[in-house]
Structure formats: C-alpha cells, structure tokens
Amino acid sequence: QVQLEESGGGLVQVGDSLRLSCVASGQIFNTAVMGWFRQAPGKEREFVAAIGWRGGSTYYSASVKGRFTISRDSPKNIMYLQMDTLKLEDTAVYYCAASPRPTFIVVSDYESWGQGTQVTVSS
C-alpha cells in the first residue's frame with residue numbers, strides 16, 4: 001500500500017500560480033504511475049495529469065495542457081503540480097493518486113489516494 005498526502009492548496013486570483021505537493025510513503029517500489037485528479041462541486045472526479053514514476057514521462061488533460069506542469073522528485077518521494085495561469089474553472093479539490101499499473105487515464109486505474117487539497121480561484 002502507498003500512503004499519499006497533498007498540500008499547497010489555497011485561495012488565489014485568476015491568472016495567479018500555485019504549486020501542489022504530494023508526499024508518498026509505504027510500498028513506493030511497486031508504483032508505476034502517479035497522477036493528479038480534481039473534483040469540483042457538482043462534478044465527477046476528473047483526470048488532470050500523470051507521470052511515470054520511474055521514467056518521468058508526462059501526460060495532461062486538454063483542459064490544463066500548457067498551463068500545468070507535473071514533476072516528481074523520486075529520492076524525496078514527492079510529486080508536484082505547478083499550476084500557472086489559473087482560471088475560475090480550476091477551482092476544485094485536488095487529489096494525488098498512485099497505481100502499480102501502466103494505465104492512468106481513469107479513476108479505476110489507481111489504487112491509492114490522498115485526502116485532497118482545496119484550490120479556489122476567484123475573480
């Protein structure tokens with residue numbers, strides 16, 4: 001099992017930047033993919049970005065590509081999500097997740113989840 005904890009959320013204005021962090025512990029050696037999801041009020045949890053834990057390959061949803069950057073510091077077991085040019089639609093609870101499988105696009109691909117961190121973007 002992998003334990004995950006997100007941090008770095010907060011209240012910002014449209015156009016601002018924010019960096020989220022996710023600290024992983026436990027059976028990290030089995031992790032193939034780490035990802036970020038978000039869930040806005042009244043909506044389903046949606047995929048944001050993912051990264052190959054060993055090789056570092058990245059993938060983004062169309063809604064955040066060009067604005068968000070996912071990265072990881074493997075020796076420290078930390079994953080980051082750099083969020084730039086934030087929009088009102090980015091307001092959501094952001095979750096980090098881990099999976100031993102090479103697939104990453106849907107919620108069911110992941111086995112471990114953090115508790116989430118709130119990101120609120122205001123005008």
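Everything quoted here is computed from the prediction, not taken from an experiment.

Peer 1: Go over the overall build of the chain with me, naming the residues and quoting the values.
Peer 2: For the chain, the helix and strand inventory stands at zero helices and 11 strands. For the chain, the α and β elements follow one another from N to C terminus as β-β-β-β-β-β-β-β-β-β-β. Its C-alpha atoms give the chain a radius of gyration of 13 Å, within 12% of the compact-globule value 14 Å for 123 residues. Its C-alpha atoms give the chain principal-axis dimensions of roughly 40 × 30 × 25 Å. Classification of the 123 residues of the chain by burial places 43% in the buried group. For the chain, the share of sequence-separated contacts (at least 6 apart) that also reach a separation of at least 24 residues comes to 56%. Total accessible area on the chain is roughly 6300 Å²; 49% of this is exposed by carbon and sulfur atoms. When the 11 basic and 11 acidic side-chain charges of the chain are each reduced to a single mean position, those positions are 5 Å apart.

Peer 1: Could you give an account of the side chain of arginine 38, with specific residues and numbers?
Peer 2: Within the secondary structure, arginine 38 sits in strand 4 (residues 33–39). In this structure the side chain of arginine 38 is engaged in a polar contact, spanning 2.7 Å, whose partner is the side chain of glutamate 46. Side chain to side chain, arginine 38 and tyrosine 94 meet in a polar contact 2.9 Å long.

Peer 1: Can you tell me about the sheet that holds strand 1 (residues 2–7), naming the residues and giving the values?
Peer 2: Taken in spatial order, the four strands make up an open sheet running 1-3-8-7, and their pairing is antiparallel. The two strands at the open ends of the sheet, each matched to only one other strand, are strand 1 and strand 7 (68–73). In this sheet, adjacent strand axes meet at a mean angle of 20° when their direction is disregarded. Of the pairings in the sheet, the one linking strand 3 (residues 18–26) to strand 8 (residues 78–83) comprises six bridges and is antiparallel in character. When the sheet's bridge partners are listed, leucine 18 is paired in strand 8 with methionine 83.

Peer 1: Requested: an account of the state of the cysteines, with residues and values cited.
Peer 2: Under the counting rule described, the total for this entry stands at one disulfide. The side chain of cysteine 22 participates in a disulfide bridge whose partner is cysteine 96; the two sulfur atoms lie 2.1 Å from each other. Since a negative S-S torsion denotes a left-handed disulfide, the cysteine 22-cysteine 96 link at about 60° is right-handed. With cysteine 22 in strand 3 and cysteine 96 in strand 9 (residues 92–99), this pair connects stretches of sequence that are 74 residues apart. On the accessibility criterion, cysteine 22 (0% relative accessible area) is buried. Note on cysteine 96: relative accessible area 0%, which makes it buried.

Cut-offs used in this document
- Residues numbered from 1 in each chain as written.
- Predicted model: local features only at pLDDT ≥ 70, side-chain atom pairs only at ≥ 80, totals over all residues.
- Heavy atoms only, no water.
- Helix = DSSP H or I, 4+ residues; strand = E, 2+ residues; numbered from the N terminus.
- Rg over C-alpha atoms; globule rule 2.2 N^0.38 Å.
- Buried < 20%, exposed > 50% of the residue type's maximum accessible area, 1.4 Å probe, protein only.
- Contact = heavy atoms within 4.5 Å.
- Areas by Shrake-Rupley, 256 points an atom, 1.4 Å probe, with all protein chains shown as cover.
- Lys, Arg positive; Asp, Glu negative; His and termini not counted.
- Charge placed at Lys NZ, Arg CZ, Asp CG, Glu CD.
- Polar contact = N/O pair within 3.5 Å; in protein donor to acceptor, adjacent residues only side chain to side chain.
- Pairing = 2+ DSSP bridges.
- Axes fitted to C-alpha atoms, helices over the stretch in contact; angles between N-to-C directions.
- Disulfide = S-S within 2.5 Å.

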